[in-house]
Amino acid sequence: MIIILIISILLTAGYVTLMLLYRRGWAMQPLFTPGDSLEPKTKVSIIIPARNEEHNIAAVVQSALLQNYPTHLLEIIVVDDHSDDNTAAIVNAFNDERVKCIRLAEHVVNDDKIVAFKKLGLSIGIAQSKGELIVTTDADCVASPNWIANIVSIYEAQRPVMIVAPVNFTTDGSLVQIFQSIDFMSMQGITGAAHRLNMGNMSNGANLAFSREAYNAVDGYKGIDHLASGDDYLLMMKLKQKFPAGIAYLKSQDAIVHTAPQPDWAGFLQQRIRWASKSGKYDDNTLTSVLLLVYIFNFSFLVLIIAGFVNSNYWLLALVMLLIKTIAELVYLFPVARFFNKQKQLRYYLFLQPLHILYIILAGFLGFFGVYRWKGRKVK
């Protein structure tokens, strides 16, 4: 009992310290405001990989077309990844010279040997684009009219090789979507905080920008195209190795991209397994250590619950740790929730804790094996 108590105290102390560091890092990350007199000069290519997105693709293209950005400096390229619906037809129906649809099937010889369809689609889209700055987003995302202007502003002001920008989950009010919204908001806050504190980098391909010059300098996705996931994180790590100080985080509400979470628990778990499968695929000791601490801390609750059938005091210990965990996370999350305007969702936080712990244990374990289904494909 004493040994388990000591281990539990150490894990809890480490986790609380981590949450306090994240709060400090998020507070230190400055809000970015574009200069009033800035006249953009950068040609931007928005690359949108899409697979069976006929219900969403029109909105994302329209969102891109409505940007407050010079028309002659913007192009939108949708890469249709073997869709068997009307995705390509909807894109082609846009009567705008800035919009182009590329069919991935026309560039693939033998798709049985391809694992990373998204990376292939992105690389083909980038190869056929003309922009100095590449911006990637997903086919189910929408952004504010000042999205690109904010990205270009920080690019022209600071000249980073990559810009990581925030993503927000919308919700329909259901339990599964509220849970995902809070969890994803937490990860987005950690992304900004960790960047500021140099505690490991994170990114999301739904809102990512990088210079063509830097992309070419690291040979794009070459060397990471054997992995189905990681078009964002693994490319970022390649760029960080060559340009250690070249990654910027864009903390701006005008730069937020909005997308819907998974509609059900099965889809949510598959998505998180896909994300977890990237862990350990690149050399980032700081991030690996943090992820390991988080996983062991959450796994300790399962150990304590099982041990409680032998000695009920372990259940009391688990309850105390759960309350401390909740308080520490809320202390970190309050300022992040204000940024994303999600303060009201935190009222559910304590009640969602058991689900949060269970999903971290499951997703982390299953992500290690890297087997999941996504967009109608089984990936290993």
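To be clear, the structure that these remarks concern was listed above.
Basis of the calculations
- Residues numbered from 1 in each chain as written.
- Predicted model: local features only at pLDDT ≥ 70, side-chain atom pairs only at ≥ 80, totals over all residues.
- Heavy atoms only, no water.
- Pairing = 2+ DSSP bridges.
- Helix = DSSP H or I, 4+ residues; strand = E, 2+ residues; numbered from the N terminus.
- Axes fitted to C-alpha atoms, helices over the stretch in contact; angles between N-to-C directions.
- Disulfide = S-S within 2.5 Å.
- Buried < 20%, exposed > 50% of the residue type's maximum accessible area, 1.4 Å probe, protein only.
- Phe/Tyr/Trp six-rings, centres within 6.5 Å; stacked < 30°, edge-to-face > 60°.
- Expected span 1.5 Å × (residues − 1).
- Polar contact = N/O pair within 3.5 Å; in protein donor to acceptor, adjacent residues only side chain to side chain.
- Salt bridge = Lys/Arg side-chain N within 4 Å of Asp/Glu carboxyl O.
- 1 Å grid on protein atoms, 1.4 Å probe; cavity = no way out; pocket = protein on both sides within 12 Å on 5 of 7 lines; lining within 4 Å.
- Points joined across faces, edges and corners; volume = space filled by probe spheres on them.

K.L.:
I keep staring at the sheet that holds strand β8 (residues 208-211) and nothing clicks. Help me out?
P.N.:
Paired through backbone hydrogen bonds, the strands of a sheet run either parallel or antiparallel to each other. The mixed open sheet is built from seven strands, whose spatial order is β3-β2-β1-β4-β8-β6-β9. The strands lining the two open edges of the sheet, one partner per strand, are β3 (99-103) and β9 (247-249). Each strand axis lies, on average, 20° off the axis of its neighbour in the sheet, ignoring direction. As defined by bridge partners, strand β4 (residues 133-136) adjoins β8 across four bridges and the pair is classed as antiparallel. Along β8, the bridge assignment pairs Leu-133 with Ser-211.

K.L.:
How do you make sense of the state of the cysteines when you look at a structure like this?
P.N.:
Across all of its chains, the model carries zero disulfides by this definition. Its sulfur unpaired, Cys-101 is 17 Å from the next cysteine sulfur, which belongs to Cys-141. Overall, Cys-141 belongs to the buried group, its relative accessible area being 2%.

K.L.:
Looking at this structure, how should I read the packing of aromatic side chains?
P.N.:
Given two aromatic rings, one states the distance between the centres and the angle between the planes to describe the pair. Counted according to the given criterion, the structure contains 15 aromatic pairs. Pairing Tyr-215 with Tyr-221 gives two aromatic rings, centres 5.7 Å apart and planes at 70°, and the pair type is edge-to-face. Exposure remark for Tyr-215: the relative accessible area of 8% places this residue in the buried category. For Tyr-221, a relative accessible area of 5% translates into the label buried. When the centroid spacing of 6.2 Å and the interplanar angle of 20° are considered together, the rings of Tyr-295 and Phe-299 count as stacked. With Tyr-295 and Phe-299 both in helix α10 (residues 285-307) and four residues apart, the pair spans about one turn of that helix. One aromatic cluster is present, built from ring pairs that chain together Phe-179, Trp-265, Phe-268 and Tyr-359.

K.L.:
So what exactly am I meant to see when it comes to helix α9 (residues 265-276) here?
P.N.:
Here α9 is 12 residues long and its end C-alpha atoms lie 16 Å apart, about the 16 Å a rise of 1.5 Å per residue gives. Those residues of α9 not exposed but buried are Gly-267, Phe-268, Gln-271, Arg-272, Ile-273, Arg-274, Trp-275 and Ala-276. Between a side-chain oxygen at the N-terminus of α9 and the backbone nitrogen of Ala-266 the separation is 3.4 Å; the capping residue is Asp-264.

K.L.:
Is there a simple way to explain the pattern of salt bridges in this structure?
P.N.:
Opposite charge on two side chains makes pairing possible when the charged atoms of those side chains draw close. Taken as a whole and assessed by the stated rule, the structure comprises seven salt bridges. When the shortest N-O distance is used, the salt bridge between Arg-98 and Asp-96 registers 3.0 Å. You can call Arg-98 buried: its relative accessible area is 14%. Taken together, the salt bridges that share partners define one network made up of Lys-118, Asp-138 and Asp-231.

K.L.:
Just checking my understanding: could you explain empty space enclosed by the protein for this structure?
P.N.:
Think of a ball as big as a water molecule: rolled over the atoms, this probe shows where empty space is left. In total, this model carries one cavity of 30 Å³ or more according to the counting rule given. Reported here for the largest cavity is a volume of approximately 40 Å³. Lining the largest cavity, in full, are Val-60, Ser-63, Thr-137, Cys-141, Val-142, Ala-143, Trp-147 and Val-257. Of all the secondary structure elements, the ones that give two or more residues to the lining of the largest cavity are α2 (57-65) and β5 (141-143). Ranked by residues supplied to the lining of the largest cavity, first place goes to β5 with three residues.

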